Amino acid sequence: MLDINELREILPHRFPMLLVDRIEELVPGKRIVGIKNVTINEEFFLGHYPEKPIMPGVLIIEAMAQVSGVLMLKSINENDANGVPLFASIDKARFRLPVVPGDQLRIEAEIVKLRSRVAKV
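Parameters at a glance
Residues numbered from 1 in each chain as written. Predicted model: local features only at pLDDT ≥ 70, side-chain atom pairs only at ≥ 80, totals over all residues. Heavy atoms only, no water. Buried < 20%, exposed > 50% of the residue type's maximum accessible area, 1.4 Å probe, protein only. Helix = DSSP H or I, 4+ residues; strand = E, 2+ residues; numbered from the N terminus. Pairing = 2+ DSSP bridges. Expected span 1.5 Å × (residues − 1). Core = buried A, V, L, I, M, F, W, Y, C linked by side-chain atoms within 4.5 Å. Contact = heavy atoms within 4.5 Å.

Draft legend 1. Examining the pairing of strand S2 (residues 31-37) more closely. Summarising burial for S2: 5 of the 7 residues are buried, a large majority. Bridge count between strand S1 (residues 22-27) and S2: 5 bridges; the pairing is antiparallel. By the bridge assignment for S2, leucine 26 is matched with isoleucine 32. The turn linking S1 back onto S2 is made up of 3 residues, and glycine 29 within it adopts a positive phi angle of 80°. Of the pairings in the sheet, the one linking S2 to strand S3 (residues 104-110) comprises 7 bridges and is antiparallel in character. When the sheet's bridge partners are listed, arginine 31 is paired in S3 with glutamate 110.

In structure tokens:
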């Protein structure tokens, strides 16, 4: 539904911090499904860990925040969408399996509460 070029128009992030490759589903005000293709070429794999590359959990959270930011920006009034979406908090994050090169992260998010420029996703 949204490719990398459209995402670059929505999000302020750029390489190496743009952690979403495409949006597969988007229902403004409701839900979103984003994809991150994890490749060995990611800069963070140079140091985390060279012999057994694992995507850092903080970057998985960042990818989730970016997908949620797209949902939020596509759900609010166009006049309010001129800012940068900011991540405020996360509750009960758990990592059950490591994310390694070759994996594809499928990030699903839905809006729980939306008020003007603040959302709980």
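Picking up where we left off.
Draft legend 2. Quick look at helix H2 (residues 57-75). Taking 1.5 Å of rise per residue, 19 residues should cover 27 Å, and H2 covers 27 Å from first to last C-alpha, within 8% of that figure. Burial analysis of H2 places 14 of its 19 residues in the buried class, which makes it a mostly covered element.

Draft legend 3. Here's a closer look at the nonpolar core. In this structure, Ile23, Ile32, Met55, Val70 and Leu105 are the most contacted members of the largest nonpolar core, which totals 28 residues. Where this core is concerned, the elements lending two or more residues are helix H1 (4-10), S1, H2 and S3. Per-element accounting of this core gives the leading share, 8 residues, to H2. Those residues in contact with leucine 105 that lie beyond four places of it in its chain are Gly34, Ile35, Lys36, Val38, Met55, Ile60 and Val99.

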